[in-house]
Amino acid sequence: MAGVVEWLPDGTPRSPHYGDVYRSRGTDGLGGLAQARHVFLRGCGLLPEGSHPPVWAGAARWHVLENGFGLGLNFLATWQAWLEDPAAPPQLFYTGIEAHPCDAEDIRRSAAPFAALQPLAQRLAAAWRGLLPGVHRWTWTDAGPHGAPRTLHLTLAVGEAAQWLPALDAAVDSVFLDGFAPARNPAMWAPEVLRAAVRLCRRGARLATWSVARSVREALAAAGCRLTKAPGLPPKRECLRAVFDPPWQPRRTPRGPLPAGTNPGRAAVVGGGLAGAAAAFSLAQRGWRVTVLDRAAQPAAGASGLPVGLLAPHTSPDDAPLSRLTRAGLSLTRQRAQALLTEGQDWSACGVLEHRLEDKHALPPAERWGPWGKHWSRHAQPDECSAASLAPEVPALWHAAGGWLRPARLVQAQLQAAGAAWRGNTAVAALQAVASGGWRLLDEHGLTLLEADLVVLAAGYATRALLGAQGAQVPLHALRGQVAWAPMATLPASAAAAMPPFPVNGHGSLVAGVPAGPRGEAVWCMGSTFVRGRTDTLPTQEEHAANRTKLQRLLPVAADALAPHWDTAHAWAGVRCTLPDRFPAVGAIDPQRLAGLCVLTGLGARGLTLSVLGGEVLAAELHGEPWPLEPVLAARMLARRFGGVAAQSP
């Protein structure tokens, strides 16, 4: 359940979930902010100390772990200190764990006494939605003190610390140990939980907590930490500071960067569609100089040239991995669209109605999702069904997080934001490893197109041949799809009025009245077909008719209204590619044998939903960053799951 804030006489908040932890620790009136700065930031060396700069000064990236996110004051204080420090790293990762996320309004109220935190609290609260059990990621980019961009990645794991700490695997630089007092919540401070937190630390990482309980000190010391007691904030006399520096060599170390990701250099991305643009954006954000090569003259010329696409999560009664994957992807795509595109023109978070034909894609039980589920999907209301000219009682879902998006606009915006160099009309025919490291990209005549330290193959089905020449295999299958579309202006008023006011999916999808035409004119778009094994893109009458049949089942009234105009509608076809397990293939193929060769492919019909997530998973694997989704799901996305070696012919 969400937290409810109780206000104390000094104006600071106290949550029933966290007890006295959020009470004022001093007489300076700063309350929770004073504790955040003194106990956690100063305790981990993240504030100047005399002539000594913060320990993150000059670092390329920094990772803070907090075992009890609470009302977010420690996070907000860290965000503020990072923004104000001219020597702070350009990339800050903050991982918080919270079993009972508070409400967005609680975040605003908790920061209300602290003017410096209020703008940041407003930004956090605006994103604070849909916090189902699992991992959630938000990213904010700001200009630093010298104008250079800085990016903050907040990863929130919803669940108990004892559940999540053993599952995390990215190396940590600072640890904030916060939450209930050990006497009130012994499970949170159990020796095995503290060991799990310490296990993630790099040697030299600092840990801080307000608790000086003997059990905490003994557990940290036994895990390899050197401890120091420091003055606390009244009424606490002392707080605890620690450095992970065991006199032994740890048997297990957290995940670090791949060799190719140690020092960002030149990156070549082969493919200028959704996958390639997402890879280019995520790599450029980490400091790579990116060149995108494509056989077409312009970006988004292949399957990403679809006039308009749908954003909607997959649902299942058991909240299966694919359902959780699509929620993680949808969240990141929405954030990227909000940051780079114009809502109402390039995309819209208008919601999507799913007509549950054949009673598929039911929701998990209400008790599994709790109050946060409504931000994602719920049973449709009768008036929502009626608005789409469906009977009020038909089985349907309303995806509140869904919407529509123009794929080509997202591709173009990401490439522009990445500052990527574009090389169109450039077909990469082969790859050649360079003895000194990196790769040489060759054309059909064997001439060098480009040399790069890192190559990302995001060329759809063509990725298969490029990998095969390197003795590697990802079992991609071609999946052709065709849609029908036409300008709304070609319809009489009666037919236009029969179009649903929001996207509808369930047996194909219909999006109508959106400005997705070549000149920004409003269009309707229906599709798509799924034809396996075909790689041509010439539209066919057979598939054009198949889309009409699909629409007749999905939305009979709309189908009847479009019937007289169907034969004159445009048809568009593209080729996507899929993998047998329905998860994309992302990252290194074989980090040892094929160092610096990665892929982002196999997105199938979910390119809009999964491409941005794929780019972030690629960057996380390459640089040893925290995963942007559940670690178990990230593992299922990694390309190395296919073994990296092509199957031998019998």
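All figures in this text were calculated on a predicted structure; none of them were measured in a lab.

**Student:** Just give me the short version of the nonpolar core, but keep the residues and values in it.
**Tutor:** What tends to happen in soluble globular proteins is that the nonpolar side chains get buried as a cluster. Phe75, Trp128, Leu165, Leu207, Leu283 and Val290 are the most contacted members of the largest nonpolar core, which totals 140 residues. With 29 residues, the next largest nonpolar core counts Ala388, Leu510, Ala512 and Leu562 among its residues.

**Student:** Explain the sheet that holds strand β30 (residues 585–588) to me, and be specific about the residues and the numbers.
**Tutor:** Strand pairing in a sheet is mediated by backbone hydrogen bonds. Such pairs are either parallel or antiparallel. If you walk across this open sheet you meet the 6 strands as β19-β12-β11-β23-β31-β30, and the pairing is mixed. Only two strands of the sheet have a single partner each, and these edge strands are β19 (421–423) and β30. In this sheet, adjacent strand axes meet at a mean angle of 20 degrees when their direction is disregarded. Bridge count for strand β12 (residues 289–293) against β19 is 3 bridges, and the pairing is parallel. Its bridge partner lying in β19, Thr291 is registered against Ala421.

**Student:** Before we move on, could you go through the environment of Pro371 and cite the residues and values that matter?
**Tutor:** Looking at the secondary structure, you find Pro371 in the loop between α10 (366–369) and β16 (377–379). Under the relative-accessibility criterion, Pro371 is labelled exposed at 55%. Linking Pro371 and Trp79, residues 292 residues apart in sequence, is a C-alpha distance of 28 Å.

**Student:** How would you sum up the pattern of salt bridges? Please name residues and give values.
**Tutor:** Evaluated as defined, the whole model comprises 28 salt bridges. For Arg123, the salt bridge identified is with Asp142, shortest N-O distance 2.8 Å. On the criterion of sequence distance, the pair formed by Arg123 in helix α4 (residues 118–127) and Asp142 in strand β5 (residues 134–143) is long-range, its members being 19 residues apart. Residue classification places Arg123 among the partly exposed residues on the basis of a relative accessible area of 29%. A residue is classified by how much of its surface remains accessible, and Asp142, at 18% relative accessible area, is buried. Across the salt bridge formed by Arg202 and Asp173, the nearest N and O atoms sit 2.7 Å from each other. In this pair, Arg202 sits in strand β8 (residues 201–209) while Asp173 sits in strand β7 (residues 172–177), placing the two residues 29 residues apart along the sequence. Residues participating in the shared-partner salt-bridge network are Arg137, Arg286, Arg336, Glu616 and Glu625.

Rules of the game
Residues numbered from 1 in each chain as written. Predicted model: local features only at pLDDT ≥ 70, side-chain atom pairs only at ≥ 80, totals over all residues. Heavy atoms only, no water. Core = buried A, V, L, I, M, F, W, Y, C linked by side-chain atoms within 4.5 Å. Buried < 20%, exposed > 50% of the residue type's maximum accessible area, 1.4 Å probe, protein only. Pairing = 2+ DSSP bridges. Helix = DSSP H or I, 4+ residues; strand = E, 2+ residues; numbered from the N terminus. Axes fitted to C-alpha atoms, helices over the stretch in contact; angles between N-to-C directions. Salt bridge = Lys/Arg side-chain N within 4 Å of Asp/Glu carboxyl O.

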